Amino acid sequence: MALTVFGFLYLTVLIFLANAANGPGRWHRYSRVLQAAMPAVIAVQLLNRVSTSGAKDLFQWSYLGFAAAAIAIMLLLIGFESPWRQVERLIGVSGVIVSPRFDSRRPVHRLALLLMIFALAVLYWTSSAESLQQDLLEGFSSAESALLNLSAHVAAYVLLALLGVGWLVRRGWTNTFERLGLRFPTGADLLVGTALGCIVYLGVSLLMLVWQSAVPASSFDGQTAAARQIFNTFSGSLFLGALLALLAAIGEETLFRGALQPVFGVVIVSLFFTAIHLQYAATPAAAIVFAVSLAFGWARARLSTTAAIISHFVYNMIPFLLASPA
């Protein structure tokens, strides 16, 4: 718990400094040492993993390579100016649906990219699909523990989104909500969001049937165990199901579609969104999550983050409605 609080305070300081900085020169002068702590943490974890378990199989070697690559890339970006222009060009060509607004001269955009790399490295190095599945099964074994777990994640996501776009530093409440794409739901938000949520659910249901018919039953059951556990925990109460659906929608859409998508674009944010759902690993579910993220990203780009939240909520809520007694 203490380590988690310290880590969040560290992120808060970094984000405040990045938003307060006027340019990369001042940003690097005050924050380079703080940024360097991120690859240092990954390096410590890497050395600890190698010393305790070594690299016994392909998965261990892949973790080792990913962590080493993350350290090298982060040190390169922290230490030098020239790679940032190349990064900006690469992000720019990924623009689909909406053009990314990543600006390599803006410290907060640089920090966002570094934090994304750091998050992936930490997740992939400290976890595995199996261990995360088990954590989810344990964390969502009861409605109380599940809501507590989810509420903490939602609070962290929303706070990171608020701070990331400059709340309390560069923006007041009104401008912060405008930047995040949050607004009181309009008729278009409600109509398109609800329709899109239903369409996405129907599409995912069809893809799940194809997936289920293409793999052994034991494999399908193992790869979807966490999702079934979450559903079973909340399916007995429509209110709790709605609360789960709403919390997940608000937290994820505010951070990923509201804060990150305008900077990095729909494709990169969807890839990141898929990657952090580590429990799906290299299964068809990962492709499904990516497609779902693209759909929510479209709603954010064409209407608002509010529309994306409505779509996400409807998509999450339909299974509970279908399971509810008439």
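These numbers were taken from a predicted model, which means no experiment stands behind them. (Residues numbered from 1 in each chain as written. Predicted model: local features only at pLDDT ≥ 70, side-chain atom pairs only at ≥ 80, totals over all residues. Heavy atoms only, no water.)

Q: Sorry, what's going on with the pattern of salt bridges here?
A: Once their charged atoms are close, side chains differing in charge can pair, the charge on each being opposite to the other. Enumeration over the complete set of coordinates arrives at five salt bridges. Between R110 and E81 there is a salt bridge, with the nearest N and O atoms lying 2.7 Å from each other. One end of the pair, R110, is in helix α5 (residues 107-126); the other, E81, is in the loop between α3 (58-79) and α4 (83-93), with 29 residues separating them in the sequence. On the basis of relative accessibility, which here comes to 3%, the residue R110 falls in the buried class. Here E81 falls in the partly exposed class, since its relative accessible area comes to 39%. One salt bridge connects R257 with E253, and the closest N-O pair in it is separated by 2.8 Å. One end of the pair is R257 and the other is E253, both in helix α12 (residues 238-276) and four residues apart, which spans about a single turn. According to the relative accessible area criterion, R257 is buried, its value standing at 0%. (Salt bridge = Lys/Arg side-chain N within 4 Å of Asp/Glu carboxyl O. Helix = DSSP H or I, 4+ residues; strand = E, 2+ residues; numbered from the N terminus. Buried < 20%, exposed > 50% of the residue type's maximum accessible area, 1.4 Å probe, protein only.)

Q: Is there a simple way to think about α12 in this case?
A: For an α-helix, 3.6 residues make a turn, and residues three or four places apart therefore share a direction. Taking 1.5 Å of rise per residue, 39 residues should cover 57 Å, yet α12 covers just 28 Å from first to last C-alpha, more than 12% shy of that figure. The principal kink in α12, of about 120 degrees, is found at G265. In terms of burial, α12 is largely enclosed, as 29 of its 39 residues are buried. (Expected span 1.5 Å × (residues − 1). Bend = angle between axes of the 7 residues up to and from the residue.)

Q: Help me understand the environment of G79, please; the structure alone is not making it clear to me.
A: With respect to the helices and strands, the residue G79 is situated in helix α3. When the C-alpha positions of G79 and A36 are compared, they lie 9.0 Å apart, and in sequence the two are 43 residues distant.

Q: It is not clear to me how the nonpolar core should be interpreted in this structure. Could you clarify?
A: The nonpolar side chains of a soluble globular protein tend to be buried, and buried together. Formed by 51 residues in total, the largest nonpolar core has its most connected members in M38, I42, F102, L113, F256 and F264. Those elements that place two or more of their residues in this core are α1 (2-20), α2 (24-53), α3, α4, α5, α7 (143-164) and α12. Looking at which element gives the most residues to this core, the answer is α12, with twelve residues. With near-sequence residues (within four places) excluded, I42 lies in contact with A67, A70, I71, M74, F118 and A121. L196, V200, A285 and Y315 belong to the second largest nonpolar core, which has 13 residues in total. (Core = buried A, V, L, I, M, F, W, Y, C linked by side-chain atoms within 4.5 Å. Contact = heavy atoms within 4.5 Å.)

Q: Is there a simple way to explain the packing of aromatic side chains in this structure?
A: How two aromatic rings sit relative to each other is set out by the distance from centre to centre and by the angle between their planes. Across all of its chains, the model carries nine aromatic pairs by this definition. On the numbers, 6.4 Å between centres and 20 degrees between planes, the contact of W84 with F102 is stacked. In this pair, W84 sits in helix α4 while F102 sits in the loop between α4 and α5, placing the two residues 18 residues apart along the sequence. Exposure class is identical for W84 and F102. Each is buried. Measuring from centroid to centroid gives 5.7 Å for Y157 and F256, while their planes differ by 85 degrees, and the two rings are edge-to-face. Linking Y157 in helix α7 with F256 in helix α12, this pair joins segments that are 99 residues apart in sequence. A network of ring pairs unites the aromatic residues Y157, F256, F272 and F273 as a single cluster. Taking the ring centre of F273 as reference, the NZ or CZ of R257 above it sits at 4.7 Å. (Phe/Tyr/Trp six-rings, centres within 6.5 Å; stacked < 30°, edge-to-face > 60°. Lys NZ or Arg CZ within 6 Å of the ring centre and 35° of its normal.)

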